[in-house]
Amino acid sequence: MLVLNTLHYLAAISFLSTANAMIQNSVTIRNTDPLIYFTGRWDSSPGTWWASSGFKLNVKNFQSLALNLGPHTTTPFTSVGVSLDYGEFITVNISEGSNSIPIPDNFKTEEGATTVVRVNVEGWQNNRMNLESIILNQGASLVPYIPSELVFQFIGDSLSAGQYLPEGVNQAWPFLIGETFKAEHRINAQPGAALSDIVSYGNEHGVSCQFFRTEDTGYFYTTDHNFTTPWDFARDQPGATHLVIHIGANDASQNVTDAHFVQVYTDFIARLRTVYRVQPIFVFTPWGWPNPVGPPSQYYQGQYQKLVDLQHESGDENVFLVNTTGWVTYADVFPDNLHPTVPGHEHIASEFQAWLENWGLKPESRWAAPA
Ligand SMILES: *[C@@H]1O[C@H](CO)[C@@H](O)[C@H](O)[C@H]1NC(C)=O
Ligand SMILES: *[C@@H]1O[C@H](CO)[C@@H](O)[C@H](O)[C@H]1NC(C)=O
Ligand SMILES: *[C@@H]1O[C@H](CO)[C@@H](O)[C@H](O)[C@H]1NC(C)=O
Ligand SMILES: *[C@@H]1O[C@H](CO)[C@@H](O)[C@H](O)[C@H]1NC(C)=O
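Residues numbered from 1 in each chain as written. Chains lettered and ligands numbered in written order. Predicted model: local features only at pLDDT ≥ 70, side-chain atom pairs only at ≥ 80, totals over all residues. Heavy atoms only, no water.

Per an unreviewed UniProt entry, the protein chain carries the name SGNH hydrolase-type esterase domain-containing protein and comes from Mycena maculata.

See the structure below:
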């Protein structure tokens, strides 16, 4: 990866002289352009919150990309993943001002061809990209990005956000599932946060509250945007077709009782149902905190089964328990924080993929936007 990145930088440098010549005739895309397909949570600046938020473009005659970012961008930089034509995401650190995005040397397009460009913030913190404009090469133009018909909404904490991974959420199991299924994916995962709306490990609010807000709980530590705004779910287009929730570790750490946790989770599902009326909701059991010897330490044992049973009893059969017991062993986690490593996340993604396929959901055979 490091070698690759270096090569991309060298390629970018040799490309600069031609780029300079082209800059005068470059194409400026304003942040209000309706052909920018925004994903995840953006405030009105417009700027990103929550790991995984970003945008997608379908570009005709694509050769070069630069991002002009405004003052609400994280300083000194925010890390984004950039993928061309559904290829691997390459990390680029971008800052307020103009950012030329390195394009791999071997990337070639034919005259008239279109290229899908995807950009998303990787970090659960320092993840603010305040997009002012996008600069494309002379002759480039935007055509509509066609989203996948399969749309996952993931909700969670550090175990879904990719905390401790070098490339953050881009290496986390929810993101990997989105890629494998050739789906759109929105991920709202807040490390340290409980589901209950309590202060937990620096999070001013719990996910049962924050999920309905535009901003992640990082807002509390900013001076330029120290407030939250309601999220307008009509902006999630198309709406989610499947919901996946993996949460509870921090409620357990904060000593939220079994009964209270089941109540909070039940109320949360009821509120989700005002937005997602009929979509399947997959409720993960904890995989537990792995130990060097013996089984993982568990929390809320039996409670997830109980809350799913309650849904069924109240007539909502479209809530499913995903039993993740055994999905994560000590070999899958960093010994010092017990969070999954990169291979650990890949392992979880493969287990969940098998579970989903067994449930009846198959990956799309191809991406919706032609590559
Ligand atoms: C981005 O910044 C981080 C933190 O300084 C650094 O570890 C990483 O190598 C940088 N990545 C790139 C692609 O420059
Ligand atoms: C943000 O506002 C809250 C009060 O609502 C305050 O406690 C907190 O210190 C503020 N954060 C910053 C970084 O100013
Ligand atoms: C939770 O309970 C344990 C055991 O009683 C106690 O040691 C710990 O301090 C409590 N944690 C919180 C956040 O209240
Ligand atoms: C989850 O799977 C484990 C191992 O197969 C099993 O012991 C446990 O009873 C299951 N839990 C539920 C809630 O189905």
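**Observations regarding the sheet that holds strand 14 (residues 281–284)**
Stated precisely, the cut-off is as follows: A pair of strands is treated as paired once DSSP finds two or more bridges between them. Each helix is a run of H or I in the DSSP string that is no shorter than four residues. Each strand is a run of E no shorter than two, and both are numbered from the N terminus. Fitted lines through C-alpha atoms serve as axes, helices being fitted only where they are in contact, and the angles separating the N-to-C directions of these axes extend from 0 to 180 degrees.
With parallel pairing, 5 strands are arranged side by side in an open sheet as 12-11-13-14-15. The sheet is open, and its two edges are formed by strand 12 (184–189) and strand 15 (319–322), each paired on a single side. Direction aside, the axes of adjacent strands within the sheet are offset by 20° on average. Examined bridge by bridge, strand 13 (residues 242–246) and strand 14 share 3 bridges and lie parallel to one another. Its bridge partner being in strand 14, Ile-245 is matched across the sheet by Val-283.

**Quick word on unusual backbone geometry**
Following Thr-75, the chain continues into Pro-76 via a peptide bond in cis, with omega recorded as -5°. Within the fold, Pro-76 resides in the loop between strand 4 (65–69) and strand 5 (78–84). Looking along the chain, the bond that leaves Gln-237 and enters Pro-238 is cis, with omega of -10°. Looking at the element boundaries, Pro-238 is found in the loop between helix 4 (207–210) and strand 13. Positive phi values are uncommon outside glycine, yet Asp-85 reaches one of about 50°. One can find Asp-85 in the loop between strand 5 and strand 6 (90–94). Phi angles above zero are rare outside glycine, and Asn-126 is one such case at about 50°.

**Quick word on the site of ligand 3**
The cut-off we apply is this: Whether a residue is near a molecule or strand depends on its heavy atoms: it is near if one of them lies within 4 Å of it. Two N or O atoms form a polar contact when they lie within 3.5 Å of each other; inside protein one atom must be a possible hydrogen donor and the other a possible acceptor, and for residues adjacent in sequence the pair counts only when both atoms belong to side chains. Note on areas: these come from Shrake-Rupley sampling with a 1.4 Å probe, and a residue is covered only by the protein chains present in the view.
Taken together, the neighbourhood of ligand 3 is formed by Ser-253, Gln-254 and Asn-255. Asn-255 is positioned with one of its side-chain polar atoms (N or O) 2.3 Å from an oxygen atom of ligand 3. With the chains in place, 25% of the 360 Å² that ligand 3 exposes on its own is no longer accessible.

**Brief notes about the site of ligand 1**
For ligand 1, the full set of nearby residues is Phe-77, Thr-91 and Asn-93. Protein burial of ligand 1: of its 360 Å² of free accessible surface, 45% is covered by the chains.

**Here's the deal with the UniProt feature "domain: SGNH hydrolase-type esterase" (unreviewed entry) in the protein chain**
Put simply, the test is: UniProt positions are given in the numbering used here, feature names are shortened, and annotations may be inferred rather than shown by experiment.
As annotated in UniProt, the feature "domain: SGNH hydrolase-type esterase" (unreviewed entry) corresponds to residues 154–346 in the numbering used here. Secondary structure across residues 154–346 divides into 27% helix and 11% strand, with the first and last C-alpha atoms of the span separated by 16 Å.

**Let's talk about the packing of aromatic side chains**
The line we're drawing: When the centres of two rings from Phe, Tyr and Trp lie within 6.5 Å, Trp using its six-membered ring, the rings pair. Their planes under 30 degrees apart give stacked, over 60 give edge-to-face, and anything left gives tilted. Per-residue accessibility, obtained with a 1.4 Å probe over protein chains only, is compared with the maximum for each type, and a residue is labelled buried under 20%, exposed over 50%, and partly exposed between these values.
Inspection of the entire model under this criterion finds 32 aromatic pairs. Seen from their ring centres, Phe-220 and Tyr-221 are 5.4 Å apart, and the 75° between their planes marks the pair as edge-to-face. On the basis of relative accessibility, which here comes to 36%, the residue Phe-220 falls in the partly exposed class. Since its relative accessible area comes to 58%, Tyr-221 is described here as exposed. An angle of 70° between the planes, with centres 4.9 Å apart, marks the rings of Phe-284 and Phe-352 as edge-to-face.

**Re the domain arrangement of the protein chain**
So the rule is basically this: Start and end positions for the domains come from either an automated domain assignment or a database one. Residues count as neighbours in contact if any of their non-hydrogen atoms are within 4.5 Å of one another. By buried area we mean the combined loss of accessible area, with a 1.4 Å probe, across both parts when two parts are placed together. Salt bridge, as applied in this entry: a Lys or Arg side-chain nitrogen positioned within 4 Å of an Asp or Glu carboxyl oxygen.
Under the domain assignment used here, the protein chain contains domain 1 (28–143) and domain 2 (151–359). The straight-line distance from the C-alpha centre of domain 1 to that of domain 2 is 27 Å. Of the residues lining the interface, 21 residues belong to domain 1; the matching set on domain 2 comes to 32 residues. For the pair domain 1 and domain 2, the summed buried area comes to about 2300 Å², and 48% of that belongs to carbon and sulfur atoms. Sorting the residues of domain 1 by area buried against domain 2 places Arg-41, Trp-50 and Trp-124 first, and these three jointly supply 36% of that buried surface. There are 3 salt bridges connecting domain 1 and domain 2. Across the pair Glu-179 and Arg-118 runs a salt bridge whose closest N-O atoms are separated by 2.9 Å. Summed over the shared surface of domain 1 and domain 2, the number is 14 residue pairs in polar contact (both at pLDDT 80 or more). Elements with a minimum of two residues in the side of domain 1 that touches domain 2: strand 2 (37–42), strand 3 (48–60) and strand 8 (114–121). With 5 residues, strand 3 is the single largest residue contributor to the side of domain 1 that touches domain 2.

**Section: the environment of Val-92**
For Val-92, the location among the structural elements is in strand 6. Owing to a relative accessible area of 6%, Val-92 belongs among the buried residues under this scheme. When the C-alpha positions of Val-92 and Ser-79 are compared, they lie 5.7 Å apart, and in sequence the two are 13 residues distant.

**Quick look at the pairing of strand 3**
For strand 3, the buried fraction is high: 12 of the 13 residues fall into the buried class. Where strand 2 lies against strand 3, 5 bridges are found, and the strand directions are antiparallel. What sits directly across from Phe-38, in strand 3, is Phe-55. Where strand 2 folds back onto strand 3 in an antiparallel hairpin, the turn is made up of 5 residues. Here strand 3 runs beside strand 10 (residues 141–143); their pairing, made up of 3 bridges, is antiparallel. Within the sheet, the bridge partner assigned to Asn-58 lies in strand 10 and is Val-143.

**Some words on the pattern of salt bridges**
According to the stated counting rule, one finds 5 salt bridges in the structure shown. Salt-bridge contacts for Glu-184 lead to Lys-56; the nearest nitrogen and oxygen are separated by 2.7 Å. Note that Glu-184 is positioned in strand 12 and Lys-56 in strand 3, a separation of 128 residues in sequence. Considered together, Glu-184 and Lys-56 belong to a single accessibility category, that of buried residues. Across the salt bridge formed by Asp-224 and Arg-128, the nearest N and O atoms sit 3.0 Å from each other. Taken together, the residues Asp-224 in the loop between helix 4 and strand 13 and Arg-128 in the loop between strand 8 and strand 9 (131–136) connect sequence positions 96 residues apart. With a relative accessible area of 34%, Asp-224 lands in the partly exposed category.

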